[in-house]
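# Report on the structure
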Amino acid sequence: DAGVIQSPRHEVTEMGQEVTLRCKPISGHNSLFWYRQTMMRGLELLIYFNNNVPIDDSGMPEDRFSAKMPNASFSTLKIQPSEPRDSAVYFCASSLAGGEKLFFGSGTQLSVL
Amino acid sequence: AQSVTQLGSHVSVSEGALVLLRCNYSSSVPPYLFWYVQYPNQGLQLLLKYTSAATLVKGINGFEAEFKKSETSFHLTKPSAHMSDAAEYFCAVRNSGNTPLVFGKGTRLSVIA
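### Comments concerning the overall build of chain A
Each helix and strand counted, chain A has zero helices and 11 strands in total. Start at the N end of chain A and walk to the C end: the helices and strands fall as β-β-β-β-β-β-β-β-β-β-β. In terms of overall dimensions, chain A has a C-alpha envelope of 35 × 25 × 25 Å along the principal axes. Relative to its full complement of 113 residues, chain A shows a buried share of 45%. A fraction of 54% describes how many contacts in chain A between residues 6 or more apart in sequence connect residues 24 or more apart.

### Overview of the interface of chain B and chain A
On the side of chain A, 21 residues touch chain B, which itself brings 19 residues to the contact. Summing the contributions of chain B and of chain A, the shared interface buries around 1,500 Å²; its carbon and sulfur component is 54%. Between the two partners, chain B and chain A, sit zero salt bridges. In this structure, the connection of chain B to chain A is made through five residue pairs in polar contact (both at pLDDT 80 or more). Elements represented by at least two residues in the side of chain B that touches chain A include exactly β4 (32-38), β5 (44-50) and β9 (87-94) of chain B. Ranked by the residues each element gives to the side of chain B that touches chain A, the list is headed by β4(B), at four residues.

### Some points on the state of the cysteines
Throughout the structure, instances matching the rule amount to two disulfides over all chains. The side chain of Cys23(A) participates in a disulfide bridge whose partner is Cys92(A); the two sulfur atoms lie 1.9 Å from each other. As the torsion about the S-S bond is roughly -65 degrees, the Cys23(A)-Cys92(A) disulfide counts as left-handed. With Cys23(A) in strand β3 (residues 19-24) and Cys92(A) in strand β9 (residues 88-95), the pair connects residues that are 69 residues apart, well separated along the chain. On the basis of relative accessibility, which here comes to 1%, the residue Cys23(A) falls in the buried class. Judged by relative accessible area, which is 0%, Cys92(A) ranks as buried. The disulfide partner of Cys23(B) is Cys91(B), and the S-S distance across this bridge is 2.0 Å. Here the S-S torsion is close to -65 degrees, and the disulfide linking Cys23(B) with Cys91(B) is therefore left-handed. Here Cys23(B) is found in strand β3 (residues 19-26), whereas its partner Cys91(B) is found in strand β9, with 68 residues between them in sequence. Each member of the pair, Cys23(B) as well as Cys91(B), carries the same accessibility label: buried.

### Concerning the sheet that holds strand β6 (residues 56-58) of chain B
Backbone-to-backbone hydrogen bonds pair the strands of a sheet. The strands run either parallel or antiparallel. Residues and elements named next belong to chain B. Across the sheet, five strands lie side by side as β1-β3-β8-β7-β6; this open sheet has antiparallel pairing. In this open sheet, the two edge strands, each paired with only one partner strand, are β1 (3-7) and β6. Each adjacent strand pair in this sheet contributes to an overall mean axis angle of 20 degrees, direction not counted. As judged from the five bridges shared by strand β7 (residues 64-68) and strand β8 (residues 73-78), these two strands associate in the antiparallel manner. Within β8, the position partnered with Ala-65 by the bridge is Leu-76.

The rules behind these values
Residues numbered from 1 in each chain as written. Chains lettered and ligands numbered in written order. Predicted model: local features only at pLDDT ≥ 70, side-chain atom pairs only at ≥ 80, totals over all residues. Heavy atoms only, no water. Helix = DSSP H or I, 4+ residues; strand = E, 2+ residues; numbered from the N terminus. Buried < 20%, exposed > 50% of the residue type's maximum accessible area, 1.4 Å probe, protein only. Contact = heavy atoms within 4.5 Å. Buried area = accessible area lost by both parts, 1.4 Å probe. Salt bridge = Lys/Arg side-chain N within 4 Å of Asp/Glu carboxyl O. Polar contact = N/O pair within 3.5 Å; in protein donor to acceptor, adjacent residues only side chain to side chain. Disulfide = S-S within 2.5 Å. Pairing = 2+ DSSP bridges. Axes fitted to C-alpha atoms, helices over the stretch in contact; angles between N-to-C directions.

All quantities given are derived from atomic positions and should not be read as evidence of function.
Below, the structure is given as structure tokens:
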């Protein structure tokens, strides 16, 4: 199994630009999570899906952030417009429904200049 | 609300010395507790988990953790540190079933030769 696949690995963009982060969960996993990691705030849960349905998006910082999961094998996290304070590592993780073990992707390092 | 507090953002030990990484939890119900490890430029990996069975839990790479309800703690230990243990370690908690993990801010472990 290839594990959770995230793209791109690195993204450098200018303030105001749209950024789209992509995630392919492990086949057969029902739950998908988007986390953001920064030095100041640690690892924060942004949103999670069960069976492609968003369950809790209370961690999404503001309306500039949106996430979709059109099917069981693909999810996107979009930031529009991006701001320098969005610079962080964004992780996608998946698990079986109700599973206790999260499988993380390698993350996307986002830098907004 | 459930939460975990990791004492010490950075711990440094000599190779061969005892590793002790501290985690205290707050939960209104018996918790499920986890330790994850993050190696440089990688996503998090599950190290071990406590799910109300034995209070002493053994994980991979020689790590173990003990659940102490009276102290609301779940400290991670390893008798003898190895250079390859240098990483960031995250304690996490969840209350039940499908609720997502809540992570601590992490502790960076350095191992000195």
